[in-house]
Amino acid sequence: MSTPEFHAIAPISWSDEHDCLLLLDQTLLPDEETWLHCRQVEDVAAAIKRLSVRGAPAIGVSAAYGLVVGLHGASDDDFRRRFDETSETLGATRPTAVNLRWALEKGREVFEAHADEGVEACRAKLLEWAKDLQSRDVQTNRTMGDNGAHLFQEGDRVLTHCNAGALATAGYGTAVGVIASAFREGRLGQVWVDETRPLLQGARLTAWEMEKLGIPYRLVTDSSVGALMSRGLVDRVVVGADRVAANGDAANKIGTYTVAVLANRHGVPFYVAAPRSTIDPRTPTGNEIPIEIRDSDEVTAFGGHRVSPRETEAMNFAFDVTPNELIAGIITEVGVLEAPYEESIRRALAMD
Ligand code: MRU
């Protein structure tokens with residue numbers, strides 16, 4: 001078996017030479033690998049909004065670099081105001097992924113610790129922190145991958161929804177990281193990749209990653225999951241999350257809840273893979289998780305062509321919430337958390 005090049009997919013990069021953030025434009029994948037050069041905070045915010053960069057940890061890391069981008073050209077007199085505005089602009093991009101708020105709050109701590117050193121020194125400290133956050137995210141995902149791979153039995157056929165891969169993080173991925181680790185350990189049979197309507201993160205992005213990693217997979221429509229499970233063709237499910245509430249309820253891409261209900265009906269273990277930065281102790285249950293509602297056009301059109309009558313208004317929830325009782329375990333970098341989640345989450349967040 002050839003060893004896949006796990007570091008090959010890294011969707012976020014900082015250019016010291018050009019003093020700007022480089023983002024792989026995921027809206028163009030799998031056909032084109034084009035890098036966006038973000039020189040202003042508006043570039044970063046627009047890239048997050050239109051999903052050029054997406055996935056909870058990748059949004060967090062991009063926002064961290066966005067704080068650095070936002071201070072470009074600021075003077076010692078106005079850099080605090082500039083920092084506040086930058087943070088506000090980034091914070092308003094997408095509501096569900098808590099990694100965004102998490103990164104902005106951590107960034108503010110770095111800012112406050114170095115603000116009295118002047119804009120250049122403070123910006124340099126923020127850049128150092130953002131780079132560290134990026135590399136720690138990859139390390140976290142690798143550890144999470146190892147923790148989750150132990151759950152697999154040889155030949156397991158695993159289903160995943162959306163893209164929780166390297167593209168959705170700084171590298172390696174969460175759910176796809178677990179799948180990649182299981183593959184490396186020779187435990188994986190095959191991956192079922194949900195296409196993930198309406199924006200096809202599964203078909204466009206997860207399938208692209210499977211190709212790059214050489215992992216055997218089959219693409220299925222979202223509506224095939226029940227048929228697959230009723231035929232005994234799925235051994236486990238692993239998905240990512242945008243926010244895990246304090247009680248273990250988990251928000252992820254729309255359609256995840258449907259998969260979880262079907263998994264429960266068919267006795268298939270359903271796992272969520274998420275780093276601790278995705279767990280939000282300030283959100284008590286899934287009912288309080290803000291759910292992004294996106295443009296109607298994403299549903300009424302397909303590949304740029306309208307598919308429904310001109311007058312049609314769609315309801316486009318970007319995420320849904322899977323209640324904790326449907327989750328067999330939450331795979332984190334500090335181990336696999338089990339019910340009762342209030343307790344296991346509290347313990348996990350208290351660890352160093
Ligand atoms: O709308 P997206 O593409 O940002 O949604 C992404 C997901 O739902 C992912 O599963 C989640 O962010 C976890 S990423 C490791």
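Residues numbered from 1 in each chain as written. Predicted model: local features only at pLDDT ≥ 70, side-chain atom pairs only at ≥ 80, totals over all residues. Heavy atoms only, no water.

Asker: Give a description of the confidence of the model for the chain that names residues and reports values.
Answerer: On average, the chain scores 96 in pLDDT, and the residues at 70 or more come to 98%. Confidence drops under a pLDDT of 50 for residues 1-5, and excluding neighbours within four residues, the segment shows four contacts in the predicted structure. (pLDDT = per-residue confidence, 0-100. Contact = heavy atoms within 4.5 Å.)

Asker: Describe the pattern of salt bridges, and please don't skip the residues or the numbers.
Answerer: Tallied over the entire structure, the rule returns 21 salt bridges. One salt bridge in this structure joins arginine 108 and aspartate 84, with 2.9 Å as the shortest N-O distance. Here arginine 108 is found in helix 4 (residues 98-114), whereas its partner aspartate 84 is found in helix 3 (residues 79-91), with 24 residues between them in sequence. You can call arginine 108 partly exposed: its relative accessible area is 28%. The salt bridge involving arginine 101 is made with aspartate 280; its shortest N-O contact spans 2.8 Å. With arginine 101 in helix 4 and aspartate 280 in strand 11 (residues 279-280), this pair connects stretches of sequence that are 179 residues apart. The exposure class of aspartate 280 is buried, given its relative accessible area of 1%. Salt bridges sharing common partners tie together Arg101, Glu105, Arg243, Asp280 and Arg282. (Salt bridge = Lys/Arg side-chain N within 4 Å of Asp/Glu carboxyl O. Helix = DSSP H or I, 4+ residues; strand = E, 2+ residues; numbered from the N terminus. Buried < 20%, exposed > 50% of the residue type's maximum accessible area, 1.4 Å probe, protein only.)

Asker: Provide a residue-level description of empty space enclosed by the protein, including the pertinent values.
Answerer: One pass over the structure, following the stated rule, counts three cavities of 30 Å³ or more. Taken as a whole, the largest cavity holds about 190 Å³ of empty space. Lining of the largest cavity is provided by 25 residues; of these, Arg54, Gly55, Ala56, Asn163 and Asp242 occupy positions nearest its centre. Elements that contribute at least two residues to the lining of the largest cavity include exactly helix 2 (56-70) and strand 9 (250-253). Ranked by residue count, the leading element in the lining of the largest cavity is helix 2, at three residues. Split by residue class, the lining of the largest cavity holds 12 nonpolar, nine polar and four charged. Taken together, Pro198, Leu199, Gln201, Lys253, Ile254, Arg294, Glu298, Asn316, Phe317 and Ala318 form the lining of the second largest cavity. Residue composition of the lining of the second largest cavity, by class: five nonpolar, two polar and three charged. (1 Å grid on protein atoms, 1.4 Å probe; cavity = no way out; pocket = protein on both sides within 12 Å on 5 of 7 lines; lining within 4 Å. Points joined across faces, edges and corners; volume = space filled by probe spheres on them. Nonpolar A, V, L, I, M, F, W, Y, C, P; charged D, E, K, R; others polar.)

Asker: Account for unusual backbone geometry, naming residues and giving values.
Answerer: Excluding glycine, most residues fall at negative phi; most peptide bonds, likewise, are trans. Cis peptide bonds are those with omega within 30 degrees of zero, and the linkage from leucine 29 to proline 30 qualifies with 10°. Locating proline 30 in the fold gives a position in the loop between strand 2 (20-24) and strand 3 (35-38). Each neighbour pair has its own omega, and for alanine 339 with proline 340 the value is 0°, a cis peptide bond. Within the secondary structure layout, proline 340 lies in the loop between strand 16 (335-337) and helix 11 (341-350). Unlike most non-glycine residues, aspartate 19 shows phi in positive territory, near 50°. Looking at the secondary structure, you find aspartate 19 in the loop between strand 1 (12-15) and strand 2. Accessibility expressed as a relative area gives 25% for aspartate 19, which makes it partly exposed. Positive phi, close to 65°, is recorded for cysteine 162, a residue that is not glycine. Locating cysteine 162 in the fold gives a position in the loop between strand 4 (156-160) and helix 6 (175-184). The buried category is assigned to cysteine 162, whose relative accessible area is 6%.

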